[in-house]
Amino acid sequence: MDWTNKTTYKLLAFSCWLLVVSACSVSYKFNGSSIDYTKIKTIQIVDFPIRSNYVWGPMAPMFNNELKDQFTRGTRLSQVKRNGDLKIEGEITQYSQRNKQVSADGYSSQTELSMTVNVRFTNNLKHDEDFERQFTAQRSFDNTQPLSAVQEELVGEMVKDIADQIFNATVANW
């Protein structure tokens, strides 16, 4: 009987210790956001139209989807169509290509593709954080390839880069 009491006591002590350890866990999230979810619960992201002279059709849907996905992945905010605690709106103001590097024979050997987005951010709970700012990304490609062969990939990279910049400027406080 003495052996049973010791075993029961050890099993009970271990169970209590296990319960305490599991209840006191610390969780870290490295998504970069610094949002007070007790106050800020919703975000409104208005689709960005293209206001650039040079246009590639799929660019606006790619950008709008990536921006919304970025906030879905990186925050617990609910996206709403109007009256969000946070509001992001703007337009794609520039999409261009220019010669970046010239070869020894005088012809362009590299082209730079550039995209600029104008963003208006409103924090309806703390207006001193409101801003209007432009975000830009560039990518280069070798002129041995036509733009049509690399455009989707390069625009995708620029869209991701700009969405990251907007996320960091609005909710990450970097």
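Structural data are supplied above this passage.
The paragraphs below set out a description of the structure included in this document. Since we're looking at a predicted model, the values are computed, not measured.

## Some remarks on the overall build of the protein
So, step 1. Per the secondary structure count, the protein includes three helices and five strands.
So, step 2. Going from the N terminus to the C terminus, the protein shows its helices and strands as α-β-α-β-β-β-β-α.
So, step 3. Here the contacts in the protein between residues at least 6 apart in sequence split such that 70% fall between residues at least 24 apart.
So, step 4. Total accessible area computed for the protein in this model is approximately 11200 Å², and 53% of it derives from carbon and sulfur atoms.

## Focus: the packing of aromatic side chains
So, step 1. For the structure shown, the criterion picks out four aromatic pairs.
So, step 2. Ring plane angle 65 degrees and centroid distance 5.0 Å describe the contact between Phe 48 and Phe 63, whose orientation is recorded as edge-to-face. You can see Phe 48 sitting in the loop between strand 1 (42-45) and helix 2 (59-74) and its partner Phe 63 sitting in helix 2, a full 15 residues away along the chain.
So, step 3. With relative accessibility at 1%, the residue Phe 48 sits in the buried group.
So, step 4. Exposure remark for Phe 63: the relative accessible area of 0% places this residue in the buried category.
So, step 5. One residue, Arg 76, lies across the ring of Tyr 37, its end atom 4.0 Å from the ring centre.

## Details of the side chain of Asn 123
So, step 1. By secondary structure assignment, the location of Asn 123 is in strand 4 (residues 108-123).
So, step 2. Residues in contact with Asn 123, not counting those within four places in the same chain, are Ile 40, Asp 85, Leu 86, Glu 129 and Asp 130.

Thresholds applied
- Sequence positions are assigned chain by chain, starting from 1 and proceeding in written order.
- Only residues with pLDDT of at least 70 get local features here, since the model is predicted, and only at 80 or more are side-chain atom pairs given and counted; chain-wide, interface and lining totals rely on the full set of residues.
- Remark: hydrogens and water are excluded; side-chain values derive from all non-hydrogen atoms of the structure.
- Each helix corresponds to a stretch of at least 4 residues labelled H or I by DSSP, and each strand to a stretch of at least 2 residues labelled E; elements are numbered beginning at the N terminus.
- In what follows, a contact means two residues having at least one pair of non-hydrogen atoms within 4.5 Å.
- Note on areas: Shrake-Rupley, 1.4 Å probe, and residue coverage restricted to the protein chains presented here.
- Pairing of aromatic side chains here covers Phe, Tyr and the six-membered ring of Trp, requires ring centres within 6.5 Å, and sorts the geometry by plane angle: under 30 degrees stacked, over 60 edge-to-face, intermediate tilted.
- Relative accessibility under 20% of the residue-type maximum defines a buried residue, over 50% an exposed one, and the middle range a partly exposed one, all with a 1.4 Å probe and only protein chains included.
- Charges are assigned to positions over rings by a cutoff of 6 Å between ring centre and Lys NZ or Arg CZ, combined with an angular limit of 35 degrees from the ring normal.

In short, geometric facts, not functional conclusions.
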